[in-house]
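# Chains, contacts and geometry: an overview
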Amino acid sequence: MREIDKYNVLKEKLQGICDENNLTYSIQNRTYPFLMTVKPLGGMDAQQTMLEGMEDSGATGYISPDASLVFVYKDGELSYKISETWTISATLFNKLKNLFMKLRDMWMGYF
């Protein structure tokens, strides 16, 4: 399987994770540095669903409508930034981080 095909499979997996968790993502791969932004879906209905999911899992907290999680790979280093107020589980964070790194590796292999 070619790198671009593997990349597209990983993007489909990322889309599935985002769909399950009421998230949306965007990837910047045409310019340096490679980055991925993940945001909660907008709208009050989506926000209410996310809050209910947190209550079911035992977590509590407010999710800002403008919250985002940005992963950046620059100068051989992975960094991330969470803006606004957003509580995310360690499991979900690690899934997103690992997918980001795999996507970055496949993209670099393609080019």
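Our structure's up above, just so we're on the same page.
My aim in this report is to walk through the structure given alongside it, one point at a time. Residue numbers run consecutively from 1 along every chain, following the written order of its sequence. Local features in a predicted model are, by the rule used here, given only for residues with pLDDT of at least 70; side-chain atom pairs are given and counted only at 80 or more, and totals for whole chains, interfaces and linings are based on all residues. The basis for the side-chain values is all heavy atoms of the structure; hydrogens and waters are excluded.

## Examining unusual backbone geometry
The omega torsion across tyrosine 32 and proline 33 is 0°, close enough to zero to call that bond cis. Helix and strand assignments come from DSSP, with helices taken as H or I runs of at least 4 residues and strands as E runs of at least 2, each series counted from the N terminus. Considering the arrangement of structural elements, one finds proline 33 in the loop between β1 (23-28) and β2 (34-40). Located in the positive-phi region is asparagine 22, a residue other than glycine, with phi close to 55°. Tracing the sequence through the fold places asparagine 22 in the loop between α1 (3-20) and β1. Of note in the backbone geometry, aspartate 75 takes a positive phi value of approximately 55° without being a glycine.

## Considering the pattern of salt bridges
Whenever a carboxyl oxygen of Asp or Glu lies within 4 Å of a side-chain nitrogen of Lys or Arg, that contact is scored as a salt bridge. Taken as a whole and assessed by the stated rule, the structure comprises 2 salt bridges. A salt bridge links arginine 2 to aspartate 5; the nearest nitrogen and oxygen atoms lie 3.3 Å apart. Each residue is assigned to one of three classes by its accessible area relative to the maximum for its type, calculated with a 1.4 Å probe on protein chains only: buried under 20%, partly exposed between the two thresholds, exposed over 50%. A relative accessible area of 29% means that aspartate 5 is categorised as partly exposed. Across the salt bridge formed by aspartate 105 and arginine 104, the nearest N and O atoms sit 3.2 Å from each other.

## Examining the sheet that holds β1
Here, strands pair whenever DSSP counts at least two bridges between them. Taken in spatial order, the 4 strands make up an open sheet running β1-β2-β3-β4, and their pairing is antiparallel. One side of each edge strand has no neighbouring strand; the edge strands of this open sheet are β1 and β4 (77-83). Pairs of neighbouring strands in the sheet enclose a mean axial angle of 15°, with direction left out of account. Lines fitted to C-alpha atoms define the axes, with helix axes restricted to the stretch in contact, and inter-axis angles between N-to-C directions lie between 0 and 180 degrees.

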